[in-house]
Amino acid sequence: MLIEIRWHGRGGQGAVTAAELLASAAIMEGKWAQAFPSFGAERRGAPVQAYTRIDDKPIYDRSFIYEPDVVVVLDQSLLEGDEARNVMSGLKPNGKLIVNTNQEPREVAKKLGYKGEIVVVDATSIAIELIGRPIVNTAMLGAVVKAVKIVELTSILKVLEKRFSGSMVDRNVKAIMRAFEKAVVGVVES
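Residues numbered from 1 in each chain as written. Predicted model: local features only at pLDDT ≥ 70, side-chain atom pairs only at ≥ 80, totals over all residues. Heavy atoms only, no water.

## Quick notes on the nonpolar core
Across soluble globular proteins, nonpolar side chains show a tendency to be buried alongside one another. Within the largest apolar cluster, 46 residues are counted, with the highest numbers of intra-cluster contacts made by Trp-7, Leu-22, Val-72 and Ile-98. If you tally residues by element for this core, the top one is helix 5 (residues 137-148), at eight residues. When near neighbours in sequence (up to four residues on either side) are disregarded, Leu-22 contacts Ile-5, Trp-7, Thr-52, Ile-54, Leu-141, Val-144, Ile-150, Val-151 and Ile-156. If you look at the next biggest cluster of nonpolar residues, it comprises 17 residues, including Val-73, Leu-78, Ala-109 and Val-120. (Core = buried A, V, L, I, M, F, W, Y, C linked by side-chain atoms within 4.5 Å. Buried < 20%, exposed > 50% of the residue type's maximum accessible area, 1.4 Å probe, protein only. Helix = DSSP H or I, 4+ residues; strand = E, 2+ residues; numbered from the N terminus. Contact = heavy atoms within 4.5 Å.)

Laid out in structure tokens, this is it:
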């Protein structure tokens, strides 16, 4: 049941936190999971990657994820130029691409030349409206849970309540729920 997820974002968008929250939810459900970042002395706005592995048995592989089952893109500008090749690198043929964008799945597929399952959600608008800042990680978690079905939505919400406090819990719960509802799943075959 091993599933490997590679997160692509920019510093400050919460890719590392999203990877950790998803792993924590899986562990809460009795699964084995790991989450870890990949970045150097980056600054806010620089491209970053994070990784999540989830399995029903112990995970001994600690390497980066080179052939992910799922790629999550927190910033659609990463789908341009050289960054697009980096984002799409190694995505399995039957993999899922989950993108923060206001475009339709077919538009994203055409831009990338990708055929497969694409999930889109306008996480930026959701985050600005509900959180007050363009920190899209929790909204993207809502789309991931809808598309991948590796953990229950209730588990993500419980982990969120442990991680955040005060009004941030309520705002982030709303962002997850809104993205879960609004995410559009599309399969592009040609």
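## As for the environment of Asp-170
With respect to the secondary-structure elements, Asp-170 resides in helix 7 (residues 167-182). Assessed through its relative accessible area of 41%, Asp-170 is described here as partly exposed. The spatial distance from the C-alpha of Asp-170 to the C-alpha of Leu-153 is 15 Å, given a sequence separation of 17 residues.

## Considering the pattern of salt bridges
Inspection of every chain in the model, using the stated rule, returns 12 salt bridges. Ionic contacts of the salt-bridge type, sharing partners, join the residues Glu-4, Arg-53 and Asp-61 into one network. (Salt bridge = Lys/Arg side-chain N within 4 Å of Asp/Glu carboxyl O.)

## What to know about the packing of aromatic side chains
One pass over the structure, following the stated rule, counts four aromatic pairs. Between Phe-36 and Phe-64, the ring centres sit 6.4 Å apart and the planes meet at 20°, which makes this aromatic pair stacked. In this pair, Phe-36 sits in strand 2 (residues 32-38) while Phe-64 sits in the loop between strand 3 (47-55) and strand 4 (70-73), placing the two residues 28 residues apart along the sequence. On the basis of relative accessibility, which here comes to 16%, the residue Phe-36 falls in the buried class. Consider the rings of Tyr-51 and Phe-64, whose centres lie 5.2 Å apart with planes at 25°: the pair is stacked. A residue pair is termed long-range when its members are at least 10 positions apart, and Tyr-51 in strand 3 and Phe-64 in the loop between strand 3 and strand 4 qualify at 13 residues. On the basis of relative accessibility, which here comes to 35%, the residue Phe-64 falls in the partly exposed class. (Phe/Tyr/Trp six-rings, centres within 6.5 Å; stacked < 30°, edge-to-face > 60°.)

## A closer look at the environment of Thr-124
Relative to the helices and strands, Thr-124 resides in helix 4 (residues 123-130). Relative accessible area serves as the criterion here: at 29%, Thr-124 is assigned to the partly exposed category. The spacing of Thr-124 and Pro-93 is 31 residues in sequence and 28 Å in space, taken between C-alpha atoms. Beyond its immediate sequence surroundings of up to four residues, Thr-124 is in contact with Asn-100, Pro-134 and Val-136. In this structure the side chain of Thr-124 is engaged in a polar contact, spanning 2.8 Å, whose partner is the side chain of Asn-100. (Polar contact = N/O pair within 3.5 Å; in protein donor to acceptor, adjacent residues only side chain to side chain.)

## Topic: the packing of helix 6 (residues 153-163) against helix 7
Any two packed helices are characterised by the angle at which their axes cross and by the distance between the axes. At a closest axis distance of 10 Å, the pairing of helix 6 and helix 7 adopts a crossing angle of 160°. Taken together, the axes of helix 6 and helix 7 are roughly antiparallel relative to one another. The way helix 6 lies across helix 7 gives a crossing that is right-handed. Along the contact surface, helix 6 presents Leu-153, Ile-156, Leu-157, Leu-160 and Glu-161, while helix 7 presents Val-169, Asn-172, Val-173, Ile-176, Met-177 and Phe-180. (Axes fitted to C-alpha atoms, helices over the stretch in contact; angles between N-to-C directions. Parallel < 35°, antiparallel > 145°, perpendicular 65-115°, else oblique. Left-handed = near helix turned anticlockwise from the far one by under 90°.)

## What to know about unusual backbone geometry
What you tend to see is this: most non-glycine residues have negative phi, and most peptide bonds are trans. Unlike most non-glycine residues, Lys-149 shows phi in positive territory, near 55°. Tracing the backbone through its elements, the reader meets Lys-149 in the loop between helix 5 and helix 6.

## Some points on helix 2 (residues 81-88)
For helix 2, the complete set of buried residues consists of Ala-84, Val-87 and Met-88. One face of helix 2 carries all of its buried residues, which in axial projection span an arc of 85°. Residues of helix 2 that are exposed and point more than 90 degrees away from the buried face comprise Asp-82 and Arg-85. Lining the buried residues of helix 2 we find strand 1 (3-10), strand 4, strand 5 (96-100) and helix 3 (105-112). With its phi angle positive at about 80°, Gly-90 sits one or two positions after the end of helix 2. (Arc of directions from axis to C-beta.)

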